[in-house]
Amino acid sequence: MGIILTVITYHQNSILEDIHLNRTVNQILFSSLWNNSWDSLKQENNWSRHLYLIRHGKYFQNAKNIKKMKLTSLGKEQITYTGKYLNEMNIKFDRLIHSGMIRALQSAIIINQQLNYPLKLIEDKNLAEGLPVLPSPYVNLTQRQINSYSHKQRMDEAFRTYFHRAYYKQYKDTHDIIVFHANVLRYFICKVMQFPIAFWLNIELNHGSITHITILSNGNVILQKVGDSGFIPSNKLTV
């Protein structure tokens, strides 16, 4: 009997040691993989920040100049569905922000028209479309071309503006809508999730789609949805 008890006790201790070891390993791996100081802030309260990141509707991509790259009739339909879907969430949104490009402005106006509580439109030119970094896998671009566009600096400035945990003065959960462009949004997803930023071009986003990101007060980030466009009829979806 004594031998049996000794074996059982040893087995139990061994299991406990394994559990403790696994927890320790997981803690080490998590702490080494996730940088909790990614926004250089500390927890000031218990409020969260919700970002609803919208890609504009389909536009005239082959227009002669940027000012003529307006939404097509299909693009207007797509973004109307987006606005109605946002309104059906029954959330009182705090801000509606858009890039300075005409297709993003048009999209923001249409979304605003669908909301029960229309918002003041806020323009941010740093959200304009561009090329952040040389993508991987390789595409037909060179580092010199990427550098010549000089888009990364302003994109990083826009990222710092919107992607951070709650400041000390925040007194509730906030919900911001941001209407802008696929390349910038892809880059932001990689940055906030701490993925390699060169993978930005591997993310596909439909026109009018919604990416929902929640930033918790302790700096943790939840990617609620990426490129959700299930509210747009399938025969009206475009990439």
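So, a few notes on the structure that sits alongside this text. (Residues numbered from 1 in each chain as written. Predicted model: local features only at pLDDT ≥ 70, side-chain atom pairs only at ≥ 80, totals over all residues. Heavy atoms only, no water.)

1. What to know about the sheet that holds strand β3 (residues 121-123)
And step 1. As summarised here, the arrangement of the six strands in space is β3-β2-β4-β1-β5-β6, forming an open sheet in which the pairing is mixed. Since the sheet does not close on itself, it has two edges, and those belong to β3 and β6 (221-228), each with one partner. For this sheet, the mean angle separating the axes of adjacent strands, direction not counted, is 20°.
And step 2. Bridging between strand β2 (residues 95-98) and strand β4 (residues 174-180) involves four bridges; their strand directions are parallel. Bridge assignment links L96 to a residue of β4, and that residue is I177.
And step 3. Contacts from helix α2 (residues 73-88) reach β1 (49-55), β4, β5 (210-215) and β6, with the element oriented near 160° to β1. (Pairing = 2+ DSSP bridges. Helix = DSSP H or I, 4+ residues; strand = E, 2+ residues; numbered from the N terminus. Axes fitted to C-alpha atoms, helices over the stretch in contact; angles between N-to-C directions. Contact = heavy atoms within 4.5 Å.)

2. Observations concerning the packing of helix α5 (residues 152-162) against helix α6 (residues 182-192)
And step 1. In contact at an axis separation of 11 Å, α5 and α6 are set at 60° when each is read in the N-to-C sense. Considering their axes alone, α5 and α6 lie oblique with respect to each other. Judged by the sense of rotation from one axis to the other, the crossing of α5 with α6 is right-handed. Each of K152, M155, D156, A158 and F159 in α5 lies in contact with α6, whose residues at this interface are V184, Y187, F188, K191 and V192.
And step 2. Among the residues forming the contact of α5 with α6, the class breakdown is seven nonpolar, no polar and three charged. (Parallel < 35°, antiparallel > 145°, perpendicular 65-115°, else oblique. Left-handed = near helix turned anticlockwise from the far one by under 90°. Nonpolar A, V, L, I, M, F, W, Y, C, P; charged D, E, K, R; others polar.)

3. A word on the pattern of salt bridges
And step 1. Enumeration according to the criterion identifies 10 salt bridges in this entry.
And step 2. A salt bridge links E123 to K125; the nearest nitrogen and oxygen atoms lie 2.7 Å apart.
And step 3. Overlapping salt bridges, with partners in common, bring together R49, R95 and D176 in one network. (Salt bridge = Lys/Arg side-chain N within 4 Å of Asp/Glu carboxyl O.)

4. So, the nonpolar core
And step 1. One finds F163 and F188 to be the most contacted residues of the largest nonpolar core, which totals 31 residues.
And step 2. At the level of secondary structure, the elements contributing two or more residues to this core comprise β1, α5, β4, α6 and β5.
And step 3. In terms of residue count, α6 provides more of this core than any other element does, seven residues in total.
And step 4. Setting aside residues up to four positions removed in sequence, F188 forms contacts with L127, M155, A158, F159, F163 and F180. (Core = buried A, V, L, I, M, F, W, Y, C linked by side-chain atoms within 4.5 Å. Buried < 20%, exposed > 50% of the residue type's maximum accessible area, 1.4 Å probe, protein only.)

5. Some words on the packing of aromatic side chains
And step 1. Evaluation of the coordinates by the stated rule reveals eight aromatic pairs.
And step 2. With a centroid separation of 5.3 Å and 90° between ring planes, the pair formed by Y52 and F93 is classed as edge-to-face. Remark: F93 occurs in the loop between α2 and β2 and Y52 occurs in strand β1; sequence separation between them is 41 residues.
And step 3. A relative accessible area of 2% means that Y52 is categorised as buried.
And step 4. Taking 5.3 Å as the distance between ring centres and 65° as the angle between the ring planes, the aromatic pair formed by F163 and F188 counts as edge-to-face. Residue F163 is found in the loop between α5 and β4, and its partner F188 is found in helix α6; the two are separated by 25 residues along the sequence. For the residue pair F163 and F188, the accessibility class agrees, reading buried in each case. (Phe/Tyr/Trp six-rings, centres within 6.5 Å; stacked < 30°, edge-to-face > 60°.)

6. Some words on the pairing of β1
And step 1. Burial of β1 is extensive: seven of the seven residues sit out of reach of the surface.
And step 2. Burial of β1 is two-sided: the residues R49, L51, L53 and R55 facing one way and the residues H50, Y52 and I54 facing the other way are all buried.
And step 3. As defined by bridge partners, β1 adjoins β4 across seven bridges and the pair is classed as parallel. Bridge pairing in β4 places R55 opposite F180.
And step 4. Pairing geometry for β1 and β5, over six bridges, is antiparallel. Considered in β5, the bridge of R49 is made with I215.

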